[in-house]
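The chain contents come next:
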Amino acid sequence: MDITYLIQTYGYLAVALGSFLEGEAILLAGSLAAWHGHLSLPIVWIIAVIASFLGNLPYFFAGRRFGAVAMRRVPALRARRRRLERLLQRHHLLIVPALRFLYGLRIVGLVTLGAGRMPVWRYMLLDLAGAIVWAACVCAAGYGAGGLFRRVVEAGATTGQLAVVAGVLGATLLWLVRRRVVAAKRGRDGR
């Protein structure tokens, strides 16, 4: 059993689970695997759209059922809800699709939307549009990374140059992860 076999056997399942749980890294990896010919990019994209869309529904419907109680009991949710409500007043049609790009606001945003007055059909339509755009952006980035890496190697990049690029990409990834951790911590602390 080699890595190619594992990717071809479980790659689509990994993309589905990762997208359901908000996993850009898994979708990037799935798209990169598609570039290498181990998975089909259109199938990766369709799975990501469906799983991402379905992954948001539990939060929205939890907001419908328990949103008012949760907002009263959890200070962090109250603080973020006020921020999101201000954004909704000005940009209500763009907020739903954009929530998957607004780290730190996704879950509270979905709960807030569920607790609000937005009709379910409108939420679902806008969220599906957001899932389509999100999956397309992440798939394009992963697929494009494969082509970029190949061109760099074919252009005769030295090991040192590749190490510098890997260092910059690694530092960027660490910065993004740290940013996400700090945003999550602020959410738990109610800031």
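Above this text you will find the structure in question.
Residues numbered from 1 in each chain as written. Predicted model: local features only at pLDDT ≥ 70, side-chain atom pairs only at ≥ 80, totals over all residues. Heavy atoms only, no water.

K.L.:
Sorry if this is basic, but what is going on with helix α6 (residues 120-154) here?
P.N.:
Since the α-helix turns once every 3.6 residues, residues separated by three or four places project in the same direction. Over its 35 residues, α6 runs 51 Å from end to end, which matches the ideal 51 Å to within 8%, given 1.5 Å per residue. Among the residues of α6, Y123, L126, D127, G130, A131, W134, A135, V138, C139, G142, G146 and G147 are the ones counted as buried. The first or second residue beyond α6 is G156, which carries a positive phi of 90°. (Helix = DSSP H or I, 4+ residues; strand = E, 2+ residues; numbered from the N terminus. Expected span 1.5 Å × (residues − 1). Buried < 20%, exposed > 50% of the residue type's maximum accessible area, 1.4 Å probe, protein only.)

K.L.:
Is there a simple way to explain the nonpolar core in this structure?
P.N.:
Soluble globular proteins: nonpolar side chains tend toward being buried together. Among the nonpolar cores identified, the biggest contains 30 residues, and L27, L99, L113 and Y123 are the most heavily contacted of them. Residue assignment for this core shows that the elements contributing at least two residues are α2 (24-35), α3 (41-73), α4 (75-98), α5 (106-115) and α6. Residues within four places of L113 in sequence aside, it is in contact with F60, R64, L88, V96, L99, M118 and Y123. (Core = buried A, V, L, I, M, F, W, Y, C linked by side-chain atoms within 4.5 Å. Contact = heavy atoms within 4.5 Å.)

K.L.:
Before we go on, may I ask you to explain the packing of helix α1 (residues 3-20) against α2 in this structure?
P.N.:
Packed helices, taken two at a time, are described by their axes: the angle between them and the distance between them. Direction vectors running N to C along α1 and α2 enclose 150°, while the axes themselves pass 8 Å from each other. Between α1 and α2 lies a crossing whose hand is left-handed. Seen from α1, the contacting residues are I7, A14, V15, G18 and S19; seen from α2, they are I26, L27, G30 and A33. Grouping the constituent residues of the contact of α1 with α2 by class yields six nonpolar, three polar and no charged. (Axes fitted to C-alpha atoms, helices over the stretch in contact; angles between N-to-C directions. Left-handed = near helix turned anticlockwise from the far one by under 90°. Nonpolar A, V, L, I, M, F, W, Y, C, P; charged D, E, K, R; others polar.)

K.L.:
Can you help me understand the packing of α3 against α5 in this one?
P.N.:
α5 packs onto α3 with a crossing angle of 65° between their chain directions and a minimal axis gap of 6 Å. If you check the angle between α3 and α5, you find them roughly perpendicular. Handedness of the α3/α5 crossing: right-handed. For the pair formed by α3 and α5, the contact residues are G55, N56, Y59, F60, G63, R64, G67, A68 and M71 on the first element and R106, I107, V108, L110, V111, T112, L113, G114 and A115 on the second. Among the residues making up the contact of α3 with α5, the classes are represented as ten nonpolar, six polar and two charged. (Parallel < 35°, antiparallel > 145°, perpendicular 65-115°, else oblique.)

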